[in-house]
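Okay, here's what each chain looks like letter by letter:
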Amino acid sequence: MHPYLSVVIPVYNEEAGLDILFSRLLPVLDGLGRSFEVICVNDGSADNSQAILEKYCQTRPDVIRALSFSRNCGQHTAIMAGFEAMRGELAITMDADLQNPPEDIPKLIELVDQGHDVVGGFRSNRDDPAYRRAISKLSNIFREYTTQIHMRDHGCMLRAYRRDIIEQIIKAGDSSPFITAFSQYLAQNPAEVQVGHEARAAGESNYNLYKLIRYNFDLITGFSVVPLQLFTIFGMAMSFFSGLLVVYMVMRRLIIGPEVDGVFTLFAILFFLISVLMTGLGLIGEYVGRIYKEVRSHPRFIATEFKPELQDKANES
Ligand code: UDP
Ligand code: MG
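Residues numbered from 1 in each chain as written. Chains lettered and ligands numbered in written order. Predicted model: local features only at pLDDT ≥ 70, side-chain atom pairs only at ≥ 80, totals over all residues. Heavy atoms only, no water.

Applying the stated criterion to the full structure yields 21 salt bridges. The salt bridge partner of glutamate 14 is arginine 200, with a shortest N-O separation of 3.0 Å. Of this pair, glutamate 14 sits in the loop between β1 (5-11) and α1 (18-30) while arginine 200 is found in the loop between β7 (190-195) and α8 (209-223), placing the two residues 186 residues apart along the sequence. We classify glutamate 14 as buried; its relative accessible area is 6%. (Salt bridge = Lys/Arg side-chain N within 4 Å of Asp/Glu carboxyl O. Helix = DSSP H or I, 4+ residues; strand = E, 2+ residues; numbered from the N terminus. Buried < 20%, exposed > 50% of the residue type's maximum accessible area, 1.4 Å probe, protein only.)

Angles at a metal have ideal values that depend on geometry: 109.5 degrees with four tetrahedral donors, 90 or 180 degrees with six octahedral donors. Every protein donor of the magnesium ion (ligand 2) is listed here as Asp97 (OD) and Gln99 (OE1), and their distances to the metal cover 1.9 to 2.0 Å. One exposure class covers both aspartate 97 and glutamine 99, and it is buried. (Donors = N, O, S within 2.8 Å, 3.2 Å for Na, K, Ca; no water.)

Our focus in this paragraph is the environment of proline 227. Residue placement: proline 227 occurs in helix α9 (residues 226-255). By relative accessible area, proline 227 is classed as buried at 11%. Once the C-alpha coordinates of proline 227 and threonine 146 are considered, the two residues, 81 residues apart in sequence, prove to be 8.4 Å apart.

This part is about the sheet that holds strand β4 (residues 90-93). Overall, mixed pairing links the eight strands, which are arranged β7-β5-β6-β4-β1-β2-β3-β8 in an open sheet. Edge positions in the sheet fall to β7 and β8 (304-305), since each of these pairs with one other strand and no more. Pairing analysis gives seven bridges linking β1 to strand β2 (residues 36-42), with the strands arranged parallel. Across the sheet, the residue bridging to proline 10 is valine 41, located in β2. Along the sheet, helix α2 (residues 49-59) contacts β1, β2 and β3 (64-68); its crossing angle with β3, the most-contacted strand, is approximately 150 degrees. Along the sheet face, helix α7 (residues 179-186) touches β5 (118-123), β6 (159-162) and β7 and points at about 45 degrees away from the line of β6. (Pairing = 2+ DSSP bridges. Contact = heavy atoms within 4.5 Å. Axes fitted to C-alpha atoms, helices over the stretch in contact; angles between N-to-C directions.)

Below, the discussion takes up the site of ligand 1. As a structural note, the neighbourhood of ligand 1 is formed by 18 residues, with Glu14, Asp43, Asp97, Ser205 and Asn206 the closest of them. Glutamate 14 places a polar side-chain atom, nitrogen or oxygen, 2.6 Å from an oxygen atom of ligand 1. Side-chain polar atom of aspartate 97 to an oxygen atom of ligand 1: 2.6 Å apart, as the coordinates give it. In the complex, the protein chains occlude 95% of the 530 Å² of accessible area that ligand 1 would expose alone. Here the shell around ligand 1 is built from residues that sort into five nonpolar, six polar and seven charged. (Near = heavy atom within 4 Å. Polar contact = N/O pair within 3.5 Å; in protein donor to acceptor, adjacent residues only side chain to side chain. Areas by Shrake-Rupley, 256 points an atom, 1.4 Å probe, with all protein chains shown as cover. Nonpolar A, V, L, I, M, F, W, Y, C, P; charged D, E, K, R; others polar.)

Let's shift gears to the pairing of β6. Inspection of the sheet shows β4 paired to β6 by four bridges, in the antiparallel sense. Its bridge partner lying in β6, isoleucine 92 is registered against alanine 160. Across three bridges, β5 lies against β6 in antiparallel orientation. When the sheet's bridge partners are listed, valine 118 is paired in β6 with tyrosine 161.

So far we have only geometry, and geometry alone does not tell us how the molecule works.
This is the structure we're talking about:
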């Protein structure tokens, strides 16, 4: 029998928080009065997360499942693996660190019951460092203006997706790895609901500055070529102004004579333009890199599912 609900949770080095997670999540799910499964995807954790997940699989083998990657592939890839393995009619994603309260899950389901195919949470009173909130704000504003995707908070992972949407996401595969924004793009009848936000229950954020930059590149290059267009427009404007400068310099040379002063100003301008050029090259590289990943078509992940029954047999023998 397929469950109604599949809760998909990416887990990366969350050993300190998993007990609290299950102690808060399971009562909520048990209280829904609907069948469910919880799929935890261990994204190559280096700590004890896998052993803890296996323990929970053994205590509730009917509802808890654990998939694992042998290396760290990233939060969205972990969620994709959960999507591919899920059996439910409805998927709910959430973080393992309890930053979004599982007690808000019924709010999402209520909206799905009203006919919405994607229900996104947006965070109120977000309890994160100021720089994280600032980056999110910028990233949301950028998406809002450069793509056709409109939503309040693409960083909030407490969200619900109907099965037909999940199937589209899986079909798109690598080409749209940014699940929250992509699902909003696919949705025919999306809804948004305010959800709570708390500081991490335990452990530390897995996002350093590098991962955050990569995450935002995925968003930007995944949905829009506006950066490339802006770059071209900037390049055209620059060509125009430097053309004027050349004409001016030639005239000056003919009328007043050669000039030596001001050579460092020209250097400064040149260095600036070279750096702009390098940025552009990097930008094109981002897009080419995405095309390359697509063409190469290596599997994005290999997920192994923990089977409690097999484990029991191994222990007996
Ligand atoms: N996560 C993951 N792989 C990663 C980084 C994070 O599966 O490489 C998971 C993590 O365990 C958590 C969720 O993604 O369940 C969100 O990560 P985190 O709380 O570190 O991010 P933040 O809340 O700081 O954005
Ligand atoms: Mg978090």
